[in-house]
Amino acid sequence: PVAGGRAMHPQIVIGDHPCDVYMVALEQCHDATLWNRFTGACNDQKAELDRCLRANKKDKVKASVKQAREKRQRWEEVCREHGVDTTIPSTPEPK
């Protein structure tokens, strides 16, 4: 799908992705016969690809959270060195 002349997601380059084996398997299954797409003959390949993509996303999120926590810790250390308070003030209760 193209929105405003640009693709919504970048194309995945086969060979550069950890799930490319599953992508190729699904593509080959779909290309074998058109009937495979409509009868669910490729559902096993699709399920394997989905599992791989989910695991890949989970790993990326985990790495991103770890990096953000490390960055936050370094920021707090620098603030402490300079005597800056990093606590978030509590919001008053609404009346």
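Predicted model only: the values in this text are computed from it and were never measured.

### Quick notes on helix α1 (residues 20-32)
Count 3.6 residues to each turn of an α-helix, and residues three or four apart come out pointing the same way.
Thought 1: The first and last C-alpha atoms of α1 sit 18 Å apart over 13 residues, in line with the 18 Å expected at 1.5 Å per residue.
Thought 2: Where the residues of α1 are buried, they touch α2 (34-39) and α3 (43-81).

### Quick word on the nonpolar core
Thought 1: Grouped together as the largest cluster of nonpolar side chains are 7 residues: Cys19, Met23, Leu26, Cys29, Cys42, Leu49 and Cys52.
Thought 2: Broken down by secondary-structure element, the contributors of at least two residues to this core are α1 and α3.
Thought 3: Here this core takes 3 residues from α1, the largest share from any one element.
Thought 4: Beyond its immediate stretch of four places on either side in the chain, Cys42 contacts Leu26, Cys29, His30 and Asn36.

### Thoughts on the side chain of Asn56
Thought 1: When you line up the elements, Asn56 lands in helix α3.
Thought 2: The residues contacting Asn56, other than those within four sequence positions of it, are His17, Pro18 and Cys19.

### Brief notes about the pattern of salt bridges
Thought 1: The final tally for this structure, using the stated rule, is 3 salt bridges.
Thought 2: Between Glu48 and Arg51 there is a salt bridge, with the nearest N and O atoms lying 2.7 Å from each other. One end of the pair, Glu48, and the other, Arg51, are both in helix α3, 3 residues apart, so they sit about a helical turn from each other.
Thought 3: Residue class for Arg51 comes out partly exposed when judged on its relative accessible area of 44%.
Thought 4: Glu76 is paired through a salt bridge with Arg72; the nearest N and O atoms lie 2.9 Å apart. Taken together, the residues span about one helical turn, with Glu76 and Arg72 both in helix α3 at a distance of 4 residues.

### Remarks on the state of the cysteines
Thought 1: Taken as a whole and assessed by the stated rule, the structure comprises 2 disulfides.
Thought 2: A disulfide bridge connects Cys19 with Cys52, and the sulfur atoms are separated by 2.0 Å. Here Cys19 and Cys52 share a disulfide; its torsion about the S-S bond, -90 degrees, makes the bridge left-handed. One end of the pair, Cys19, is in the loop between β2 (6-7) and α1; the other, Cys52, is in helix α3, and 33 residues separate them in sequence.
Thought 3: By sequence order of its bonded cysteines, the chain has the disulfide arrangement 1-4, 2-3.

Conventions we followed
Residues numbered from 1 in each chain as written. Predicted model: local features only at pLDDT ≥ 70, side-chain atom pairs only at ≥ 80, totals over all residues. Heavy atoms only, no water. Helix = DSSP H or I, 4+ residues; strand = E, 2+ residues; numbered from the N terminus. Expected span 1.5 Å × (residues − 1). Contact = heavy atoms within 4.5 Å. Core = buried A, V, L, I, M, F, W, Y, C linked by side-chain atoms within 4.5 Å. Buried < 20%, exposed > 50% of the residue type's maximum accessible area, 1.4 Å probe, protein only. Salt bridge = Lys/Arg side-chain N within 4 Å of Asp/Glu carboxyl O. Disulfide = S-S within 2.5 Å.

So far we have only geometry, and geometry alone does not tell us how the molecule works.
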